[in-house]
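Residue strings, one per chain:
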Amino acid sequence: MATKTVKKFPFNWEGTDRKGNKSKGVINGPNAALVKAQLRKQGITPSRVKKQAVSLGGGGKKKITPFDIAIFTRQLATMMKAGVPLIQSFDIVADGLDNPALRDLVLDVKGEVAAGNNFAGALRKHPRYFDDLFCNLVDSGEKSGALETMLERVATYMEKTEALKKKVKKAMSYPIAVVCVAFIVTTILLIKVVPQFQAMFDGFGADLPAFTQFVVNISDWMQEYWFIVIITIVAGVFIFKEAKTRSEAFRNSVDRLLLKLPVVGDIVDKSSIARFARVLSTTFAAGVPLVDALDSVAGATGNIVYRDAVVKIRDDVASGTQLQFSMKSTGVFPSMAVQMVAIGEESGALDTMLDKVASHFEDDVDNLVDGMTSLMEPIIMSILGVLVGGLIVAMYLPIFQMGSVI
């Protein structure tokens, strides 16, 4: 017989603990009576229990971003390093959060921990915000008695990873912005400006130059079928997103293509190496066995080429091959990264050397993004200049020819 699932709702509560201290938080339960009973089991005498109101619009709360989780982790690590107990740290951190959704998440985790669950177990109940890597590192910190140190490492890892992702997205979005601006400007000129000249050309009673006639034909087509262009673009973007979401083969093809693009491919390449080194450094420093650590690293590289390479490295290391030799055999890691790993393995400071590798390639990504941004500015001006200037020349060319005849 199937077990009936009891639906739970979030309740805001206020009360006093066994020492008489006032406290408050959020806890999930089917109704107020059972929530009060659950609080009493935790040693809390509830004075107020109220179900959270849920608006038809989904509550209007801000989305919880990975950077929000990084800030929460950093603040929690700071509180614990200062000697504040974990439960009290949750309350202090929650009070200082501006995002209501994140505050509710923190208080919900606090309620789970206060109920007797371990911290990692409470985090695993929210896989949308805390992935396996995060939970495994916290679990290692709890078992080793160095939770505050581990939280600090996780916070550093997340901050650097999110900063790196932000830079890569910036580099990828810049060329797209150029294309969009060029398309919009050209479309406006073709639909609004060229027809004004075309009306004047009709009164000349002479054949137009080939270049001008070509632009006029494009303008006529755009005026009549502009909606087809818009539908095609919107459909193309939608199909691309759906294909990338649903088709693993398509995602893999896009990943491989990105690595072959000029400039952008170099940025993606170096950012994947940086993520590989950063995640492996963090997990290995936490005491996670190398083979298990490589499992976490494979999914964090962000590119199928490096994911396949890390899977091969994991299998090689599991069979007794040194990490440096396995990395070299994949053919995707630069010699500098392989040599640094070799030094780390020989000196017994692999996590430190991996951290240096990650910092080096993160700096490389910074420089590449800055260089690309500087390079794109004159390219933008050139593209827009050619498009706008070409259209202007096409429109004034008949006038110039008529002037020369006169």
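Residues numbered from 1 in each chain as written. Predicted model: local features only at pLDDT ≥ 70, side-chain atom pairs only at ≥ 80, totals over all residues. Heavy atoms only, no water.

**Q** Would you mind showing me how to read helix α10 (residues 264-285) here?
**A** Helical periodicity: at 3.6 residues per turn, an α-helix aligns residues three or four positions apart in one direction. With 22 residues, α10 extends 31 Å from end C-alpha to end C-alpha; this agrees with the ideal 32 Å at 1.5 Å per step. α10 sits mainly inside the fold: 18 of its 22 residues count as buried. One or two steps after α10, the chain reaches Gly287, where phi turns positive at roughly 90°. (Helix = DSSP H or I, 4+ residues; strand = E, 2+ residues; numbered from the N terminus. Expected span 1.5 Å × (residues − 1). Buried < 20%, exposed > 50% of the residue type's maximum accessible area, 1.4 Å probe, protein only.)

**Q** So what exactly am I meant to see when it comes to the side chain of Asn99 here?
**A** If you trace the backbone, Asn99 turns up in the loop between α3 (86-95) and α4 (100-114). Excluding anything up to four places from it in sequence, Asn99 contacts Lys62, Lys63, Ile64 and Asp68. (Contact = heavy atoms within 4.5 Å.)

**Q** What is the right way to look at the packing of helix α11 (residues 290-298) against helix α12 (residues 304-318) in this model?
**A** Helix packing for two helices is described by the angle between their axes and how far apart those axes are. Relative orientation of the contacting elements α11 and α12 amounts to 170°, with a least axis distance of 9 Å. One finds that α11 runs roughly antiparallel with respect to α12. Contacts between α11 and α12 involve Leu290, Val291, Leu294, Asp295, Val297 and Ala298 on the former and, on the latter, Arg307, Val310, Val311, Ile313, Arg314, Val317 and Ala318. The residue inventory of the contact of α11 with α12, partitioned by class, reads 10 nonpolar, no polar and 3 charged. (Axes fitted to C-alpha atoms, helices over the stretch in contact; angles between N-to-C directions. Parallel < 35°, antiparallel > 145°, perpendicular 65-115°, else oblique. Nonpolar A, V, L, I, M, F, W, Y, C, P; charged D, E, K, R; others polar.)

**Q** Please clarify how the packing of aromatic side chains should be interpreted in this entry.
**A** Working definition: an aromatic ring pair is given by the centre-to-centre distance plus the angle between the planes. What the rule picks out here adds up to 8 aromatic pairs. With 5.5 Å between their ring centres and 75° between their planes, Phe240 and Phe250 make a pair best called edge-to-face. Here Phe240, found in helix α8 (residues 210-246), pairs with Phe250, found in helix α9 (residues 248-260); they are 10 residues apart in sequence, far enough to count as distant. Classification of Phe250 as partly exposed rests on a relative accessible area of 29%. With a centroid separation of 4.8 Å and an interplanar angle of 50°, the aromatic rings of Phe276 and Phe333 are classed as tilted. Separated by 57 residues along the polypeptide, Phe276 in helix α10 and Phe333 in the loop between α13 (323-330) and α14 (335-347) bring together distant segments of the chain. Here Phe276 and Phe333 have matching classes, each one buried. In this structure an aromatic cluster arises from ring pairing among Phe72, Phe130 and Phe134. (Phe/Tyr/Trp six-rings, centres within 6.5 Å; stacked < 30°, edge-to-face > 60°.)

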